[in-house]
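One-letter residues, chain by chain:
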Amino acid sequence: MKAKNKLLTLLILSATTAASVAAINKIIKVTAVSKNLLNDDKSKSLCFKWRLGNVHYTKSGSGMPLLLIHDLNSASSGYEWSRIVSSLQNDYTVYTIDLLGCGRSEKANMTYTNYLYVQLISDFIKSEIGHRTSVIATGESASIPIMACANKPELFDQLMFINPLSVQDFCQMPGKASKMYKFVVELPMIGTLLYNIANSRQAIHERFVASGFQNPYSVKSSYVDAYYESAHLGASSKSMYASISCNYTRCNIVNALRKIDNSMYIIGGNGIEHIEDRLNEYKEYNSAIETALIPGAKGLPQLETPEELVELIRTYIH
């Protein structure tokens, strides 16, 4: 009898815990997207109906095409470029894209890989732009145009990378521990809760302060809110997070770097530790790469020092 009572108590506690976790996840989901910040922009929302899901993008301005690719992060989106688009559209036809699994684009429950994004960007340029395109990519997304350009150089003009990962970091592959973590994150309730903790408003703010901005007082609440909303939009926000965290989106870019004959530029925030060593590492694989540092910036100069970044873009991309 006692054993039955203990089992019944355990079942009740388990059911109560599960219901509580589900309720917490639901509340976070609803409140995170309630402000609808990402749809409150001046550029008309467009949709590229790609074979693996609908991809949101914007188009503005006139001139040579310039595609802006945000960092490969579960909270990132085309919002990353919101402070520089208006300045660039006088000189370029500016495209901003929400990569599949990010922002307002479709977030399917699948494994996201570098090859998937290489195919997406190549198809996007062919279908939606229709001309050789200059591309600017941030952080981990730098590997996407590098690999795509090495495969189909006729689609690309000039390439610029803002604070890319080191070449060695790009070479990291999924291991046993990361595969197990991916399995846990993809669990229905506890996995969603882990994702919500990793992408809470506080966690996003802490990432901005630690690696995004050199001046912590430059981190505006509107930035945090927009990234927080981006992280929780869509059907399966955590799928891309699991793929990124477990290195499924990385690949060895060494051969591609050596192969590319296009003009390439790397911009580094001077507030990043050992950033000059990282830039020189790229030059070891392709001596034609040009580099520059932005003072007063870390990982996101497009949000922290937009005027300085726009000046560099106009200098190099023409």
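Up top is the structure these notes are about.
Everything quoted here is computed from the prediction, not taken from an experiment.

Let's talk about the overall build of the protein chain
- Summing up its helical and strand segments, the protein chain has 14 helices and 8 strands in all.
- Expressed as a percentage of its 318 residues, the buried residues of the protein chain come to 53%.
- Looking at the protein chain as shown, the accessible area adds up to about 14500 Å², and 55% of this sits on carbon and sulfur atoms.

A word on helix α6 (residues 176–185)
- Buried residues of α6: S178, K182 and V185, and no others. Around the axis of α6, the buried residues are gathered within 65 degrees of arc, so they sit on the same side. Across α6 from its buried face, at more than 90 degrees, point the exposed residues K176, A177, M180 and F183.
- Where α6 is buried, its residues meet α7 (190–198) and α10 (237–245).

What to know about the packing of aromatic side chains
- All chains considered together, the criterion is met by 11 aromatic pairs.
- Ring centres 5.3 Å apart and planes at 75 degrees place the aromatic pair Y195 and Y241 in the edge-to-face group. Linking Y195 in helix α7 with Y241 in helix α10, this pair joins segments that are 46 residues apart in sequence.
- Here Y241 falls in the buried class, since its relative accessible area comes to 14%.
- A network of ring pairs unites the aromatic residues Y79, F208, F213, Y223 and Y227 as a single cluster.
- For K182, the ring lying beneath its charged end belongs to Y248, and the centroid distance is 5.4 Å.

Here we look at the pairing of strand β7 (residues 264–269)
- Burial of β7 is extensive: 6 of the 6 residues sit out of reach of the surface.
- Here β7 shows two buried faces, one formed by M264, I266 and G268 and the other by Y265, I267 and G269.
- Of the strand pairs in this sheet, strand β6 (residues 156–162) and β7 are connected by 4 bridges, and their pairing is parallel. What sits directly across from I162, in β7, is I267.
- Alignment of β7 against strand β8 (residues 290–294), held across 5 bridges, turns out to be parallel.

Points about the layout of surface pockets
- Estimates place the volume of the largest pocket at around 660 Å³.
- If one sorts the elements of the lining of the largest pocket by residue count, helix α8 (residues 201–212) sits on top with 6 residues.
- In the lining of the largest pocket, the residues fall into 13 nonpolar, 11 polar and 8 charged.

Notes on the nonpolar core
- One finds L99 and Y117 to be the most contacted residues of the largest nonpolar core, which totals 53 residues.
- Here this core gets 8 residues from one element, more than from any other, and that element is helix α3 (residues 114–129).
- For L99, the contacting residues outside a window of four places in its chain are I69, H70, L72, S105, Y117, L120, I121, S141 and I144.

Here we look at the pairing of strand β4 (residues 92–97)
- Here β4 lies mainly inside the structure; 6 of its 6 residues are buried.
- The alternating pattern of β4 places Y92, V94 and T96 and T93, Y95 and I97 on opposite faces, both of which are buried.
- Pairing between strand β2 (residues 53–61) and β4: 5 bridges, direction antiparallel. Within β4, the residue paired with S60 across the bridge is V94.
- Sheet topology note: the strand β3 (residues 64–69)/β4 ladder contains 6 bridges and is parallel. Across the sheet, residue L66 finds its bridge partner in β4, namely V94.

Criteria and thresholds
- Residues numbered from 1 in each chain as written.
- Predicted model: local features only at pLDDT ≥ 70, side-chain atom pairs only at ≥ 80, totals over all residues.
- Heavy atoms only, no water.
- Helix = DSSP H or I, 4+ residues; strand = E, 2+ residues; numbered from the N terminus.
- Buried < 20%, exposed > 50% of the residue type's maximum accessible area, 1.4 Å probe, protein only.
- Areas by Shrake-Rupley, 256 points an atom, 1.4 Å probe, with all protein chains shown as cover.
- Arc of directions from axis to C-beta.
- Contact = heavy atoms within 4.5 Å.
- Phe/Tyr/Trp six-rings, centres within 6.5 Å; stacked < 30°, edge-to-face > 60°.
- Lys NZ or Arg CZ within 6 Å of the ring centre and 35° of its normal.
- Pairing = 2+ DSSP bridges.
- 1 Å grid on protein atoms, 1.4 Å probe; cavity = no way out; pocket = protein on both sides within 12 Å on 5 of 7 lines; lining within 4 Å.
- Points joined across faces, edges and corners; volume = space filled by probe spheres on them.
- Nonpolar A, V, L, I, M, F, W, Y, C, P; charged D, E, K, R; others polar.
- Core = buried A, V, L, I, M, F, W, Y, C linked by side-chain atoms within 4.5 Å.

By themselves, these observations are geometric and do not establish any function.
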